[in-house]
2 protein chains.
Amino acid sequence: MNIKDAAEKSGLPPKTIRYYEDIGLVTPDRAANGYRDFDVAHLHKLTFLAQARGLGFSIEDCRNLLALWEDQDRASGDVRAIAKQHLAEIENKIAGLQAMRETLADLVHCCAGDDRPDCPIIDRLQGKAQ
Amino acid sequence: MNIKDAAEKSGLPPKTIRYYEDIGLVTPDRAANGYRDFDVAHLHKLTFLAQARGLGFSIEDCRNLLALWEDQDRASGDVRAIAKQHLAEIENKIAGLQAMRETLADLVHCCAGDDRPDCPIIDRLQGKAQ
DNA sequence: CCTTGACCTTCCCGTTACTGGAACCTCTAT
DNA sequence: ATAGAGGTTCCAGTAACGGGAAGGTCAAGG
């Protein structure tokens, strides 16, 4: 199957698929005309990648997860470790963003948002005491 | 004052300050020896930038916020609009991350994490039904 | 006066995970 | 023969810096 079909079936853009081949995540065959030729196994792999990326795993995590996926003798503990680590990073990010959100919501709430120049948001960025 | 002092007082790394000069956010004077020379106004600006970046505003947002800050005739509505937009983006990000977190927490919870290969995390990435 | 070490400078490359675009080739249908 | 839709490679750009090299400058100590 050509790249466009693989893209539609996996949910990944063709550009992304080419990129994944570039960095060695998939290695589709090549037809006589030089076109990439994807079979079901490749498609399966691409779908796996789409899922993992969708859950926010980095490319390097994906590479490791793929290896574990293909290793029938894997220890589920290895998979879990990657996921757990990633989960922790996500939770950190969330915490950081929530702190920002609270401050911002506060500021937006306090600011009149009219034609006058007085602005608690500016004051805050300036470091002025609330 | 030299860049290191400016860095310490503003909380920004020297590299970042140079970068900000590069992209036109600050324009410190130059001493005879070619060293950057920061005065209080520059420092104030750098602190402003540190605050804004700390709240997650993009460099472009910072550029606009700086302009508004320096415009005594600004409308606080303009500032508020930028902050509100940014707040919305942050809330979107949080929502996305929370969805990931829930799925991941679920999977991590379900996975035995032992030496056996059976792994609900892999199953999920594979697209296998729960 | 010389040296050492801490600064400073510019410049270029690498990061993440792609995306856009140019230049060019191939296939199918009319 | 040609048009249009697909394919290919390669190059550049994104955000916001950080690392590191090569080299200039300054203050203190011997």
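This brings us to the protein's contact with DNA strand C. Surrounding DNA strand C, one finds 19 residues, the nearest of these being Lys 15, Thr 16, Tyr 20 and Arg 53 of chain A together with Arg 36 of chain B. Looking at DNA strand C alone, sugar and phosphate atoms form 70% of those within 4 Å of the protein. Take Lys 4 of chain B: an N or O atom from its main chain is 2.9 Å from a phosphate oxygen of DNA strand C. Within the side chain of Arg 36 of chain B, an N or O atom sits 2.7 Å from a phosphate oxygen of DNA strand C. Sorting the residues of the surface near DNA strand C by element identifies helix 2 (14-22) of chain A together with helix 1 (3-10) and helix 2 (14-22) of chain B as the ones contributing at least two each. Per-class residue counts for the surface near DNA strand C are seven nonpolar, five polar and seven charged.

Turning to the relation of the copies chain A and chain B, a few remarks are in order. Under the fitted operation, chain A is carried onto chain B by 0.0 Å of movement along the axis and a turn of 180°, and the coordinates agree to an RMSD of 0.0 Å. Within this description, the copies of the chain are treated as partners about a two-fold rotation axis. The position closest to the rotation axis in chain A is occupied by the C-alpha of Ile 94 of chain A, lying 3.0 Å away.

Counting 76 residues, the largest nonpolar core has Leu 46 and Phe 57 of chain A together with Phe 57 of chain B as the members making the most contacts within it. Excluding residues within four positions of it along the chain, Phe 57 of chain A makes contact with Ala 52, Cys 62, Leu 65, Ile 82, Ala 83 and His 86 of chain A together with Leu 104 of chain B.

Parameters at a glance
Residues numbered from 1 in each chain as written. Chains lettered and ligands numbered in written order. Predicted model: local features only at pLDDT ≥ 70, side-chain atom pairs only at ≥ 80, totals over all residues. Heavy atoms only, no water. Near = heavy atom within 4 Å. Polar contact = N/O pair within 3.5 Å; in protein donor to acceptor, adjacent residues only side chain to side chain. Helix = DSSP H or I, 4+ residues; strand = E, 2+ residues; numbered from the N terminus. Nonpolar A, V, L, I, M, F, W, Y, C, P; charged D, E, K, R; others polar. Least-squares fit on C-alpha atoms with pLDDT ≥ 70 in both. Core = buried A, V, L, I, M, F, W, Y, C linked by side-chain atoms within 4.5 Å. Buried < 20%, exposed > 50% of the residue type's maximum accessible area, 1.4 Å probe, protein only. Contact = heavy atoms within 4.5 Å.

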